[in-house]
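Next come the chains, spelled out residue by residue.
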Amino acid sequence: MDYSNFLMMKEELSLIAVIVVLLLYDLCASKKALRYFQPVACVLVGVHTLLNLVPGAAGEAFGGMYQYTPMMSVVKSILNIGTLIVLMQAGGWLAGESTVHKRGEFYFLTLTTLLGMYFMISAGNFLFFFIGLETASIPMATLVAFDKYRHKSAEAGAKYILNAVFASGLSLYGMSLLYGTTGTLYFDDIPATVTGSPLQIMAFVFFAVGLFFKISLVPFHQWTPDVYEGAPTPVTSYLSVISKGSAVFVLMTILIKVFAPIAAQWQGILYGVIVVTTKRGRKGEKPTVDFKASVGISEPIRYPDYLGSADYATLYNEAMLNDNPSLAADSPSLFTQTAIDNYRRAKGDNSDGLGYNWDYFDYAFQPSVLQDYSLSVRGGTDRARYFIL
C-alpha cells in the first residue's frame, strides 16, 4: 500500500488530529483546566483552518476514490470558519449546569460531522460518498438530541434520525440502480455509460430525492421545523448552515460530474424544486415570533412573571399588534412592561448562551408557584400553559 496517498488528505488528517487532541484533553485535563475547554477548542480549529487556508495542487488518492481540487479546499475552509463561529456561539450554553459535564462530547461530535462533510466533498466514488454522508448524519442526530431531558430535543432527535435513515435509504437505492446499469461507482467512469434509460432516470430520482431531504427542499422539508425547534440553538445554526452548505455543494458536484449526459432530464426537475422551495418560503413569511430554545406560551397572557426573554416578549407584542390592530385597545392581553422588566432581571450568569437563567426558571416552574397564577387570556380566565420548547 502506498502510504503517500494519505498526504493528499491534509485537511482530513489535520482535523482528525484536532479531534484526538480535544478528546485527550477532555479525558486527562484537570477540573480547573477544563474551564478553558472552549478557548482551547476554538484555537485548535482556528489553527487547523489557517494551516489549510491556501489550496494545494489538484490530485487524487486511493485509485480515484478520494479527489482534491482547489475549489474543494476553499469549500472546506468556508465550512471551517462556519464551524468555528458555531463553537464560539456555543460557549455560554455549554457552560450551563446541565451541559457543562458533556461539553467534550459536543466538540467531538461536531467535528466528527465536519469530517464526514470533508469526505463527501472530496469523494470520487459513490461508496466513499456514502461513508462520508453517514459519518456526517449519525453524529448530527446525537447533537440534535443533546438536551435529552427536554421533551422537544428528544423528539427532534428521533425525527431527525428517522428522516436521515429514510433519506439515506433512498439515495443508496438510487446508487444501487445506477451501479447495476453502469457497472461502476466512480464518478469519472459513470458518464460514459449513462444513456438516459428509464432505469437510470429512476436511479437519479431516488438519489436526488434522498439529498433533497437532507437539504430540506420542498416538498421534502416537513421534518425541518420540529428539528430546528427542538435542537439546541448552536446545533440549529450548524445544521441549517454548515450541513446544508456542504450537501448543496456535493449535490451540484455529482449532478455535473455524473449526470451531465442526462442534464436535459434533471434540469427541469431541479428548477421546479428550487422555484417551489423559494415561493413556499416567501409565502410562509409572517410577522410572528418563534420562541426558539426559550420558554413559550400558547396564548397571549396578561401577567406572566416568569415566561421568558424580554426581547422575545417585546417582539411578540409587536407581532400581535401587527396581526391584530384591534388589540391595541386591549393591551392587558399582551405582555406588560412589568413582565418584560422581570425577564430582564431574570438574566444571569448561569445561562444557555441566549441569556436565560435556568435556575430562576427552575423556581418559576415549581407547581407551588404555578398554581398561584390565575391569568387573563384574551378577556377570559384560564391557567397558563407553561412548557419548554
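These numbers were taken from a predicted model, which means no experiment stands behind them. (Residues numbered from 1 in each chain as written. Predicted model: local features only at pLDDT ≥ 70, side-chain atom pairs only at ≥ 80, totals over all residues. Heavy atoms only, no water.)

(A) Seen up close, the overall build of the chain. Each helix and strand in the chain was counted, giving 15 helices and six strands. Here the chain holds 389 residues, and 49% of them are scored as buried. Total accessible area computed for the chain in this model is approximately 18600 Å², and 64% of it derives from carbon and sulfur atoms. (Helix = DSSP H or I, 4+ residues; strand = E, 2+ residues; numbered from the N terminus. Buried < 20%, exposed > 50% of the residue type's maximum accessible area, 1.4 Å probe, protein only. Areas by Shrake-Rupley, 256 points an atom, 1.4 Å probe, with all protein chains shown as cover.)

(B) Highlighting the pattern of salt bridges. Applying the stated criterion across every chain, the model contains three salt bridges. Between K159 and E155 there is a salt bridge, with its nearest N and O atoms 2.9 Å apart. Note that K159 and E155 are positioned in helix 7 (residues 151–182) at a spacing of four residues, about one turn of the helix. For K159, a relative accessible area of 26% corresponds to the partly exposed category. One salt bridge in this structure joins K159 and D226, with 2.5 Å as the shortest N-O distance. (Salt bridge = Lys/Arg side-chain N within 4 Å of Asp/Glu carboxyl O.)

(C) Structural detail: the packing of aromatic side chains. Throughout the structure, instances matching the rule amount to 18 aromatic pairs. Consider the rings of Y66 and F128, whose centres lie 6.3 Å apart with planes at 80°: the pair is edge-to-face. With a gap of 62 residues between them, Y66 in strand 2 (residues 66–68) and F128 in helix 6 (residues 126–144) connect regions that are remote in the sequence. For F128, a relative accessible area of 14% translates into the label buried. Taking 5.6 Å as the distance between ring centres and 75° as the angle between the ring planes, the aromatic pair formed by F106 and Y107 counts as edge-to-face. Residue F106 is classed as buried on the basis of its relative accessible area of 1%. The structure contains a cluster of three or more aromatic residues connected by ring pairs, namely Y25, F37, W93, F106, Y107 and F146. The ring of Y118 has K76 lying over it, and the distance from NZ or CZ to the ring centre is 5.4 Å. Positioned above the aromatic ring of F146, the side-chain terminus of K102 is 4.8 Å from the ring centre. (Phe/Tyr/Trp six-rings, centres within 6.5 Å; stacked < 30°, edge-to-face > 60°. Lys NZ or Arg CZ within 6 Å of the ring centre and 35° of its normal.)

(D) Local environment of the nonpolar core. Core analysis: the biggest nonpolar cluster contains 88 residues, and F106, F126, F129, Y160, I254 and F259 have the highest contact counts within it. The leading source of residues in this core is helix 5 (residues 103–122), at eleven residues. Excluding residues within four positions of it along the chain, Y160 makes contact with S137, M140, A141, V144, W223, V227 and L239. (Core = buried A, V, L, I, M, F, W, Y, C linked by side-chain atoms within 4.5 Å. Contact = heavy atoms within 4.5 Å.)

(E) The arrangement of unusual backbone geometry in detail. Located in the positive-phi region is F62, a residue other than glycine, with phi close to 55°. Structurally, F62 can be placed in the loop between strand 1 (59–61) and strand 2. For S216, which is not glycine, the phi dihedral falls at a positive 65°. Summarising the element assignment, S216 is placed in the loop between helix 8 (198–215) and helix 9 (224–230). The class of S216 is buried, set by a relative accessible area of 13%.

(F) Up close: the confidence of the model for the chain. Summing up the model confidence of the chain, the mean pLDDT is 75 and the portion of residues at 70 or higher is 71%. Note on residues 282–312: pLDDT under 50 across the span, and 99 contacts to partners over four residues away in sequence or across chains. Counting interchain partners and residues more than four positions distant, the pLDDT-below-50 stretch residues 329–333 has six contacts. (pLDDT = per-residue confidence, 0-100.)

(G) Expanded view of a nonpolar patch on the surface. On the surface, L13, I16, V20, L23, L24, L27 and F108 cluster together to form a nonpolar patch covering roughly 590 Å² of accessible area. In terms of residue count, the dominant contributor to the nonpolar patch is helix 1 (residues 10–28) (six residues). Among the structural elements, L23 can be located in helix 1. (Patch = residues over 30% accessible without salt bridge, like charges linked within 9 Å, V, L, I, M, F, W, Y side chains within 5 Å.)

(H) Seen up close, the environment of T195. Topologically, T195 is positioned in the loop between helix 7 and helix 8. With 67 residues separating them along the chain, T195 and I262 place their C-alpha atoms 7.5 Å apart.

(I) Broad picture of the side chain of S171. Residue placement: S171 occurs in helix 7. We classify S171 as buried; its relative accessible area is 1%. Those residues in contact with S171, other than ones at most four positions away along the chain, are F206, F207, G210 and L211.

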